[in-house]
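The residues making up each chain are set out below.
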Amino acid sequence: MAMMQLEVTPIDGDPVVVKVTPKVIVAAERHFKKGMGELFAEKNVTYEALAWCAWQAMMQAGHEVKTFDPWLDGIESIESVDEDKAPLGGR
């Protein structure tokens, strides 16, 4: 599985690029009870799964973050850095 990078843009700050590491992938699989391939298959992918992975990746990278829903309230956008691998079709 190729390493996914996500650009997280907060409402009141500069964008941050984070890597979806193996630790983030395992955490997502445990949380959603589905394999990453199934989570991000074109027909199954949800913005919630993408946001959750971005949130986890930010925590793993050492950024101070709130719990998920309050953190999400402060996010303007989440996008894949590599548009060829964009889980939501280039969002």
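Residues numbered from 1 in each chain as written. Predicted model: local features only at pLDDT ≥ 70, side-chain atom pairs only at ≥ 80, totals over all residues. Heavy atoms only, no water.

Concerning the overall build of the protein
Assigned secondary structure in the protein consists of four helices and three strands. Along its sequence from the N terminus, the protein presents helices and strands in the succession β-β-α-α-α-α-β. A sequence separation of at least 24 residues applies to 51% of the contacts in the protein between residues at least 6 apart. Split by element, the accessible area of the protein, about 5600 Å² in all, is 49% carbon and sulfur. (Helix = DSSP H or I, 4+ residues; strand = E, 2+ residues; numbered from the N terminus. Contact = heavy atoms within 4.5 Å. Areas by Shrake-Rupley, 256 points an atom, 1.4 Å probe, with all protein chains shown as cover.)

Details of the sheet that holds strand 1 (residues 4-10)
Spatial strand order, 2-1-3: three strands in an open sheet with antiparallel pairing. Either end of the sheet is taken by a strand with one partner, and the two such strands are strand 2 (16-20) and strand 3 (75-80). For this sheet, the mean angle separating the axes of adjacent strands, direction not counted, is 25°. As paired elements, strand 1 and strand 2 share five bridges and run antiparallel to each other. For Gln5, the partnering residue across the bridge sits in strand 2 and is Lys19. (Pairing = 2+ DSSP bridges. Axes fitted to C-alpha atoms, helices over the stretch in contact; angles between N-to-C directions.)

Quick look at the side chain of Thr9
The topology assignment puts Thr9 in strand 1. Owing to a relative accessible area of 12%, Thr9 belongs among the buried residues under this scheme. Setting aside anything within four residues of it in sequence, one finds Thr9 in contact with Pro15, Ile75, Glu76 and Ser77. (Buried < 20%, exposed > 50% of the residue type's maximum accessible area, 1.4 Å probe, protein only.)

Regarding the packing of helix 1 (residues 22-32) against helix 3 (residues 47-60)
Packing of helix 1 against helix 3 leaves a shortest axis separation of 9 Å and a crossing angle of 135°. For the element pair helix 1 / helix 3, the angle class is oblique. When you trace helix 1 past helix 3, the crossing you get is right-handed. Contacts from Lys23, Val24, Ala27, Ala28, His31 and Phe32 in helix 1 reach Glu48, Ala49, Trp52, Cys53, Gln56, Ala57 and Gln60 in helix 3. Among the residues forming the contact of helix 1 with helix 3, the class breakdown is eight nonpolar, three polar and two charged. (Parallel < 35°, antiparallel > 145°, perpendicular 65-115°, else oblique. Left-handed = near helix turned anticlockwise from the far one by under 90°. Nonpolar A, V, L, I, M, F, W, Y, C, P; charged D, E, K, R; others polar.)

Some words on the packing of aromatic side chains
Taken as a whole, this structure holds four aromatic pairs when the rule is applied. Summarising the aromatic geometry, the rings of Trp55 and Phe68 are spaced 5.4 Å apart at their centres and angled 70° between planes, so their arrangement reads as edge-to-face. A residue pair is termed long-range when its members are at least 10 positions apart, and Trp55 in helix 3 and Phe68 in helix 4 (residues 68-73) qualify at 13 residues. Just as Trp55 is buried, Phe68 falls in that class too. Put simply, the rings of Phe32, Trp52, Trp55, Phe68 and Trp71 pair up and form one aromatic cluster. (Phe/Tyr/Trp six-rings, centres within 6.5 Å; stacked < 30°, edge-to-face > 60°.)

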